Amino acid sequence: DGGITQSPKYLFRKEGQNVTLSCEQNLNHDAMYWYRQDPGQGLRLIYYSQIVNDFQKGDIAEGYSVSREKKESFPLTVTSAQKNPTAFYLCASSPPFVQPQHFGDGTRLSIL
Amino acid sequence: AQKITQTQPGMFVQEKEAVTLDCTYDTSDPSYGLFWYKQPSSGEMIFLIYQGSYDQQNATEGRYSLNFQKARKSANLVISASQLGDSAMYFCAMRGLTSGTYKYIFGTGTRLKVLA
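An account of the accompanying structure is given in this report.

Thoughts on the side chain of A:R13
Residues and elements named next belong to chain A. Position of R13 relative to the elements: it lies in strand β2 (residues 10–13). Here R13 sits buried without a salt bridge, and the closest side chain of opposite charge, E15, lies 4.9 Å off (N-O distance). In this structure the side chain of R13 is engaged in a polar contact, spanning 3.4 Å, whose partner is the backbone oxygen of Q82. If we skip the residues at most four places from it in the chain, R13 touches V19, V78, T79, S80, Q82, P85, L109, S110, I111 and L112.

This is the structure:
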């Protein structure tokens, strides 16, 4: 079955450390997205990519970086510049026409 | 600019009753899609229902229906015969078609609690 795989499910980061969250999709979707969700809050867009080798900043891109070298993969790096990275991170993908996004199961990131 | 507003932070409903979750939107895009997602406490986002801006009829999917009032820019989700498993966070979302961007706009969500 097609879908989106996020790994790991739980991730712990030490102060000053960069960590990378993985997102892979086999839906052949052009567009991919990263969202951050804080407890009891909505989704905030970090970065999105409409095509390979291209991506745009979302509403809260500071302290994060992404790459899109393959259609299937859109990893998110949480850098040490992100001072409050503890959150739930969701990856999504969508086809080019107006259809629902597909979401991964998320990664919960915590600071040690 | 596009915006989604969900004015109900939390809602309670008795089991087997119907409940309406409100969603209003703002967009200058003449063609757009509206979506509702359910997020249980486990965190995954579950797609529920979709309404296109040019659809003549309100969308329905099982116990879910979308009360689409284009002139009022509202897209309320109606859940009939509520079940305990419907307790979750619900998000309304929108994406424009002609703006050229693949960006989806989400509301802040409504937390629904179904009472036994």
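Details of the pattern of salt bridges
Residue and element names in this part refer to chain A. Enumeration over the complete set of coordinates arrives at 6 salt bridges over all chains. R36 is the salt-bridge partner of D38, the closest N and O atoms lying 3.0 Å from each other. In this structure D38 comes out as buried when scored by relative accessible area, which is 16%. A residue is classified by how much of its surface remains accessible, and R36, at 4% relative accessible area, is buried. In this structure, D38 engages R44 in a salt bridge whose closest nitrogen and oxygen atoms are separated by 2.7 Å. Overlapping salt bridges bring together R36, D38 and R44 as one network.

What to know about the packing of aromatic side chains
For any two aromatic rings, the description comes down to two numbers: the centre-to-centre distance and the angle of the planes. If you walk through the whole model with that rule in mind, you get 15 aromatic pairs over all chains. With 6.5 Å between their ring centres and 20° between their planes, B:Y25 and B:F68 make a pair best called stacked. Here B:Y25, found in strand β4 (residues 24–26), pairs with B:F68, found in strand β8 (residues 64–69); they are 43 residues apart in sequence, far enough to count as distant. Assessed through its relative accessible area of 4%, B:Y25 is described here as buried. An angle of 65° between the planes, with centres 5.9 Å apart, marks the rings of B:Y37 and B:F47 as edge-to-face. Placement of the pair is B:Y37 in strand β5 (residues 32–39) and B:F47 in strand β6 (residues 46–52), with a sequence separation of 10 residues. B:Y37 gets classed as buried once you look at its relative accessible area, which sits at 0%. Linked through ring pairs, A:Y33, A:Y35, A:Y48, A:F103, B:F35, B:Y37, B:F47, B:Y50, B:Y104 and B:F106 together constitute an aromatic cluster.

Parameters at a glance
Residues numbered from 1 in each chain as written. Chains lettered and ligands numbered in written order. Predicted model: local features only at pLDDT ≥ 70, side-chain atom pairs only at ≥ 80, totals over all residues. Heavy atoms only, no water. Helix = DSSP H or I, 4+ residues; strand = E, 2+ residues; numbered from the N terminus. Buried < 20%, exposed > 50% of the residue type's maximum accessible area, 1.4 Å probe, protein only. Lys, Arg positive; Asp, Glu negative; His and termini not counted. Salt bridge = Lys/Arg side-chain N within 4 Å of Asp/Glu carboxyl O. Polar contact = N/O pair within 3.5 Å; in protein donor to acceptor, adjacent residues only side chain to side chain. Contact = heavy atoms within 4.5 Å. Phe/Tyr/Trp six-rings, centres within 6.5 Å; stacked < 30°, edge-to-face > 60°.

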